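Below are the chains, spelled out letter by letter.
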Amino acid sequence: MTTTGRTDDGLRLLPFRGLRYVPERVGSLAAVTSPPYDVVVRPDGLLHLESADPYNIVRLILPQAATPAARHQQAALTLDDWLAEGVLAPDPVPALYVYEQHDGALLQRGLIGALALSEPAEGVVLPHEDVMPHVVEDRADLMRTTAAHFEPLLLTYHGDAGPDGGEPTGAGAVIERTVGREPLLSTTTEDGYSHRLWAVTDPADLAEIQADLAHHQAVIADGHHRWATYLRLRSEQSAPGPWDFGLVLLVDTARYPLRVRAIHRLLHRLPVSDALAAVAESGAFRIRTFSVPLPDALDLLAEASTEGNAFLLAGDGHFHLLDRPDPALLARTVRADRPQAWRELDAAVLHSTLLDHVWRIPDAPEHIMYIHDTTAAVEQAERRGGTAVLMHPVREDVVRDLARQGVTMPRKSTSFGPKPATGLVLRSLTVN
């Protein structure tokens, strides 16, 4: 792969020799894949994946050992062993990869490649969320130790033609031509999604993709911590090289709109009764309690969210809807040096008003866990005697508008999907 710096004003996505599982050496491709590292609900999800296949990718993205350094060294040794055993092998020539996910109701296609890194100020790749330094440090040490990118970030851009805008051009045209061929791999994971992957190696196709993407900017949909990790590791290098690029999946949301879901909070050390008592004492929100199934409770949350900030608390067998916040309290507690759209975000209000002011809970791992799955959040709160704070999703247009203003949202504000399955294609920084 060429490793000179970025020369265009837009996206520069280069081919690379992907590391892929050798199908004959594993039980099945589905059994060795995993959700992204931060979606795996530990310990239940981790144990489930580890038992699915001895070569499941979770052993690389979430290695198990007594200390962080030992975990990351374990991942490096495992990667070396799998390469030596022929479980993983590099593709013969560099390629961009067309990746398709389909679950019957949703079809998503995009391009996996090595993207030239850029700082947010350059306006090429725009973050929309803040990051947690300890997570970046952990991911950086893992990538540094293994010299590999195990998971593509999910980035979105807005192409020139929407779903009803006629025939695709540029990268979109290459994608649609490519999916008519036999794929490199095809599998269906236990969540019901089918996955297919194709290699794009024709020089004319690669040139057409590059010429198109050079005119676009992207928003990070999923993977802010890994992007920040890419930038940190690039800064450690003394010369241009493979660390100047990061593994990404680029999706044109004009043709393939993403789903936007919320990321929920689990407050380990705060029982629901204490959470409700503090809210009632402060007068911060109206509180209503419902004994209904989870889907009905989420419908109530969605309805309340049309009128303003609203949250569902769970963990004691009931659902407690917080809505109609005190405007004066919001004005005092939510920072004023942000656009109005930011000040109205549920995540901004949750962290500024509830976590910081009412509950006085620091945003640290020993106090807060971020969980993507709604059912898992409720179950873990009930099991641990804590409080699950269920959130309503943010609209994609709000995310994109704030990103273009250079304003980042509170961390873990959104969950875009479907996310790429981890384990279908990896990038080694030592394979030329």
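Residues numbered from 1 in each chain as written. Predicted model: local features only at pLDDT ≥ 70, side-chain atom pairs only at ≥ 80, totals over all residues. Heavy atoms only, no water.

Draft legend 1. Seen up close, the side chain of Thr387. With respect to the helices and strands, Thr387 occurs in strand S19 (residues 387–390). Here Leu270 takes part through its backbone oxygen, which lies 2.6 Å from a polar atom of the side chain of Thr387. Within polar-contact distance, the side chain of Thr387 engages the backbone nitrogen of Val272 at 3.2 Å. (Helix = DSSP H or I, 4+ residues; strand = E, 2+ residues; numbered from the N terminus. Polar contact = N/O pair within 3.5 Å; in protein donor to acceptor, adjacent residues only side chain to side chain.)

Draft legend 2. Here's a closer look at the side chain of Arg139. Within the secondary structure, Arg139 is located in helix H5 (residues 133–146). For Arg139, a relative accessible area of 6% corresponds to the buried category. Among all residues touching Arg139, those that are not within four sequence positions of it are Tyr37, Ile61, Leu62, Glu151 and Thr229. (Buried < 20%, exposed > 50% of the residue type's maximum accessible area, 1.4 Å probe, protein only. Contact = heavy atoms within 4.5 Å.)

Draft legend 3. Focus on helix H4 (residues 68–85). In this model H4 runs 26 Å from its N-terminal to its C-terminal C-alpha over 18 residues, within 8% of the 26 Å that 1.5 Å per residue would give. Looking at H4, one finds that the buried residues are His72, Ala75, Ala76, Thr78, Leu79 and Trp82. In a view along the axis of H4, the buried residues occupy a sector of 160°, so they form one face of it. In H4, the exposed residues that point more than 90 degrees away from the buried face are Ala69 and Ala84. Gly86 sits one or two residues past H4 and shows a positive phi near 80°. (Expected span 1.5 Å × (residues − 1). Arc of directions from axis to C-beta.)

Draft legend 4. Local environment of the sheet that holds strand S14 (residues 264–267). Ordered by their spatial adjacency, six strands build an open sheet running S15-S17-S16-S19-S14-S18, and the pairing between neighbours is antiparallel. On the outer flanks of this sheet lie strand S15 (286–290) and strand S18 (368–371), each paired with one strand and no other. Strand-to-strand twist in this sheet, taken as the mean axis angle between neighbours without regard to direction, amounts to 25°. Pairing of S15 with strand S17 (residues 319–323) involves five bridges; the strand directions are antiparallel. When the bridges of S17 are listed, Arg286 appears paired with Asp323. (Pairing = 2+ DSSP bridges. Axes fitted to C-alpha atoms, helices over the stretch in contact; angles between N-to-C directions.)

Draft legend 5. Quick peek at unusual backbone geometry. A cis amide bond links Gly417 with the next residue in sequence, Pro418, at an omega value of 5°. Positive phi, close to 50°, is recorded for Ala147, a residue that is not glycine. Within the secondary structure, Ala147 sits in the loop between H5 and strand S7 (148–149). With a relative accessible area of 16%, Ala147 lands in the buried category. In this model, Arg360 sits at a positive phi of 50°, which is unusual for a non-glycine residue. Position of Arg360 among the secondary structure elements: in the loop between helix H13 (346–358) and S18.

Draft legend 6. Just a negative patch on the surface, in detail. Together, Asp296, Asp299, Glu303 and Glu307 give the surface a local cluster of negative charge. Here Asp296 shows up in helix H10 (residues 294–305). Note on Asp296: relative accessible area 38%, which makes it partly exposed. (Patch = residues over 30% accessible without salt bridge, like charges linked within 9 Å, V, L, I, M, F, W, Y side chains within 5 Å. Areas by Shrake-Rupley, 256 points an atom, 1.4 Å probe, with all protein chains shown as cover. Salt bridge = Lys/Arg side-chain N within 4 Å of Asp/Glu carboxyl O. Lys, Arg positive; Asp, Glu negative; His and termini not counted. Charge placed at Lys NZ, Arg CZ, Asp CG, Glu CD.)

Draft legend 7. Spotlight on the nonpolar core. The biggest cluster of nonpolar side chains holds 122 residues, and the ones touching the most others in it are Tyr21, Trp227 and Trp359. Considering each element in turn, this core owes the most residues, seven residues, to H13. Residues Ala310, Val378, Ala388 and Leu390 belong to the second largest nonpolar core, which totals 17 residues. (Core = buried A, V, L, I, M, F, W, Y, C linked by side-chain atoms within 4.5 Å.)

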